[in-house]
Amino acid sequence: MKLRFLGAAQTVTGSQHLLEINGHKLMLDCGLYQGRREESRRRNQEFAFPIDELDAVLLSHAHIDHSGNLPNLVKSSYAGPIHAQKASAHLSRIMLEDSGHIQEENVRHINRRRAKRGQEPIEPVYTSEDARQTAAQFVEQHYDAPFEPIPGVQATFVEAGHILGSTAIVLDIDDGAEQKRFWFSGDIGRPDLPLIRDPVFPQDADYLLMECTYGDRPHPHPEVAYENLRREVNDTLQRGGKVIIPAFAVGRTQELVYSLHQMMDKGEVPKAPVFVDSPLAVNVTDIFREHAECFDEQARAMIASDKHRAALGFDMLTYIRSVEESKALNERDDPMIIISASGMVEVGRVLHHLEHNVDDPNSVVLIVSWMAPHTLGRRLVEQQPQIKIFGEVYERKIRVASVEGFSAHAGANLLAEYALGVKGRVKDVFLVHGEERGADGLRERLGAQGMDGVHFPAWGTVAEL
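Residues numbered from 1 in each chain as written. Predicted model: local features only at pLDDT ≥ 70, side-chain atom pairs only at ≥ 80, totals over all residues. Heavy atoms only, no water.

The secondary structure content of the protein amounts to 14 helices and 22 strands. For the protein, the C-alpha radius of gyration of 22 Å lies close to 23 Å, the compact-globule estimate for 465 residues. When the backbone C-alpha atoms are referred to their principal axes, the protein occupies close to 70 × 60 × 40 Å. Going through the 465 residues of the protein one by one, you find that 58% of them count as buried. The contacts of the protein with a sequence gap of at least 6 include a subset with a gap of at least 24, amounting to 75%. Accessible surface for the protein amounts to roughly 18,800 Å². Of this, 46% is attributable to carbon and sulfur atoms. Taking the average location of the 50 positive side-chain charges in the protein and that of its 68 negative ones, the two points are 5 Å from each other. (Helix = DSSP H or I, 4+ residues; strand = E, 2+ residues; numbered from the N terminus. Rg over C-alpha atoms; globule rule 2.2 N^0.38 Å. Buried < 20%, exposed > 50% of the residue type's maximum accessible area, 1.4 Å probe, protein only. Contact = heavy atoms within 4.5 Å. Areas by Shrake-Rupley, 256 points an atom, 1.4 Å probe, with all protein chains shown as cover. Lys, Arg positive; Asp, Glu negative; His and termini not counted. Charge placed at Lys NZ, Arg CZ, Asp CG, Glu CD.)

Rendered as structure tokens:
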């Protein structure tokens, strides 16, 4: 049995891991790599193995850095099954189509500039039509229900507690000589997150492939994030400003809506209009509503007692779909809260809201997630006095504040607890989906507990299991 690391290796994005078992090939995740544009384009276009040898794909969850290159895989001739938990499959279908649309729009914009320079046009990595074709290859699975993706391998999706439908992937393998259990964590969530259930910890694993994004630092408790959000919202609304929150369409937007719903119902913040201005986030929220079976007990109890009979809907909340409605928000000067994509502040409607409010010191850009290097979101986090929006340089007068604790990733303490759950049995632990500092921090914690065999593999590394 071999494990090849073809993405999210010594970096956070582009999750892609290839298992060779009993003469068959099984891919875990197929995500988009996000970084410098030219490097991203090259990495995402090319696959480092013969696609016609791939038998099946198992998807841990719908986030684009885990699912986002599936349409390119299909476009490149993959015709096999893509196994995913049911809610995750539903989310992935709309997210991948949205990703294809964004790539088409970006390439259209780039090609206009290339034409002026006499350069040849480029093609998107994939299109929305490629994504629609990919949707037909999803095979929906339920939590805790074993299935056989390739001969000799029984796969089970268990709750990862990261976003709706997120899973760890458990592989019980019969390689002819012995039985082995391989456990892929996907992205590990946190206990007590809004809406979704807590993660299931690994059991009886011989090999553990796990994320280490925040292996060097713990997170504040979600209650701290809630209180910090309440404070920033109060402060800005009382100034008469706008609260602009760049948020990922899946998970973070719904957590914020849920928290603001609670705050306004309890009178903890002034009642002010709340707008979710992202067509994708609106569609994603519809899917959340369809899958209340994935919610935790607290969310179910709130729905049962809430006058709106909904966790993600209340009087002050408006979901915006049309461009005209979105533009109208920038004609208003009353206090409001705008939650808008994209999470990294690289594309989408949030850029228009930032552009229209960049010179307003009473307003705030509220950062509620990790921002990748070389993105506008990271430059905002760094409090850079000048920022570039749509190619224009602006003096930034709008305030920037960060609210830590909303991360849907486990912090250092929980990551260590996760790995230590299989101490004594596990032969090797492979750390992925993290930068060097995260891996070093987690390895140090595990080493202090007497756990060895912890690796931080580079891209292209092959491990014999």
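What follows continues from the structure just given.
Grouped together as the largest cluster of nonpolar side chains are 103 residues, with contacts concentrated most on L19, L73, L171, F182, I337 and I339. Not counting chain neighbours up to four residues away, the residues in contact with L171 comprise L19, L26, L28, L58, V153, Q154, A155, K180, R181 and F182. Counting residues in hydrophobic clusters, the runner-up holds 25 residues, among them L208, L414, L415 and Y418. (Core = buried A, V, L, I, M, F, W, Y, C linked by side-chain atoms within 4.5 Å.)

A word on the sheet that holds strand β2 (residues 16-21). One open sheet accounts for seven strands, arranged β6-β5-β4-β3-β2-β1-β22; its pairing is mixed. Pairing within the sheet leaves two strands with one partner each, and these edge strands are β6 (138-141) and β22 (462-464). Taking each pair of neighbouring strands and ignoring which way they run, the sheet shows an average axis angle of 25°. Of the pairings in the sheet, the one linking strand β1 (residues 2-7) to β2 comprises five bridges and is antiparallel in character. By the bridge assignment for β2, L3 is matched with L19. Sitting on the sheet, helix α4 (residues 86-116) touches β5 (82-85) and β6, and the angle it makes with β6 is about 150°. (Pairing = 2+ DSSP bridges. Axes fitted to C-alpha atoms, helices over the stretch in contact; angles between N-to-C directions.)

On to the sheet that holds strand β15 (residues 336-340), then. Pairing within the open sheet is parallel, and its six strands lie in the order β14-β13-β15-β12-β16-β19. The two strands at the open ends of the sheet, each matched to only one other strand, are β14 (317-320) and β19 (399-402). Averaged over all adjacent pairs, the angle separating strand axes in this sheet is 20°, with direction ignored. Bridge count for strand β12 (residues 242-246) against β15 is five bridges, and the pairing is parallel. Within the sheet, the bridge partner assigned to I244 lies in β15 and is I338. Each of β12, β15, β16 (364-367) and β19 is contacted by helix α6 (residues 222-239), which is oriented at about 160° to β19, the strand it contacts most. Strands β12, β13 (274-277), β14 and β15 of the sheet are contacted by helix α7 (residues 252-266), whose axis makes an angle of about 160° with β15.

What follows deals with empty space enclosed by the protein. The full count for this structure, using the stated rule, is three cavities of 30 Å³ or more. The space that makes up the largest cavity amounts to roughly 60 Å³. V12, T213, Y214, D216, R217, W370, E435, R437 and G438 are the residues that line the largest cavity. Classifying every residue of the lining of the largest cavity by side-chain character gives three nonpolar, two polar and four charged. Considered as a void within the structure, the second largest cavity measures approximately 40 Å³ in volume. What lines the second largest cavity is H162, I163, L164, P194, L195, I196, G251, E255 and F288. Class assignment of the residues belonging to the lining of the second largest cavity gives a composition of six nonpolar, two polar and one charged. (1 Å grid on protein atoms, 1.4 Å probe; cavity = no way out; pocket = protein on both sides within 12 Å on 5 of 7 lines; lining within 4 Å. Points joined across faces, edges and corners; volume = space filled by probe spheres on them. Nonpolar A, V, L, I, M, F, W, Y, C, P; charged D, E, K, R; others polar.)

The geometry of an aromatic ring pair is captured by two quantities: the separation of the ring centres and the angle between the planes. Tallied over the full model, the rule gives four aromatic pairs. Aromatic pair F5 and F430: ring centres 5.4 Å apart, planes at 50°, arrangement tilted. Of this pair, F5 sits in strand β1 while F430 sits in strand β20 (residues 428-432), and the two are 425 residues apart along the sequence. In this pair, the class of F5 matches that of F430, namely buried. Here the aromatic rings of F201 and Y418 are separated by 5.4 Å at their centres, their planes lie at 50°, and the arrangement is tilted. Placement of F201 in the loop between β10 (179-184) and β11 (207-211) and of Y418 in helix α13 (residues 412-420) is noted, with a sequence separation of 217 residues between them. Of the residues examined, F201 reaches a relative accessible area of 24% and is grouped as partly exposed. When its relative accessible area of 1% is taken as the criterion, Y418 is described as buried. Directly above the ring of Y33 sits R43, whose terminal nitrogen or CZ lies 4.3 Å from the centroid. If you follow R197 out to its NZ or CZ, it ends over the ring of Y143, 5.0 Å from the centre. (Phe/Tyr/Trp six-rings, centres within 6.5 Å; stacked < 30°, edge-to-face > 60°. Lys NZ or Arg CZ within 6 Å of the ring centre and 35° of its normal.)

Next up on the list: the pattern of salt bridges. A complete count under the given rule lists 22 salt bridges for this structure. Between E53 and K25 there is a salt bridge, with the nearest N and O atoms lying 2.9 Å from each other. Taken as a pair, E53 in the loop between α1 (37-45) and β4 (56-58) and K25 in strand β3 (residues 24-28) lie far apart in primary sequence, 28 residues in all. Accessibility expressed as a relative area gives 37% for E53, which makes it partly exposed. Among the ionic pairs, R443 bridges to D440, the shortest N-O distance being 3.0 Å. (Salt bridge = Lys/Arg side-chain N within 4 Å of Asp/Glu carboxyl O.)

Time to look at the pairing of β12. Extensive coverage of β12 is indicated by the burial of five of its five residues. Across the two faces of β12 the burial is the same, with K242, I244 and P246 and V243 and I245 all buried. Pairing analysis gives two bridges linking β12 to β16, with the strands arranged parallel. Bridge pairing links V243 to V364 in β16.

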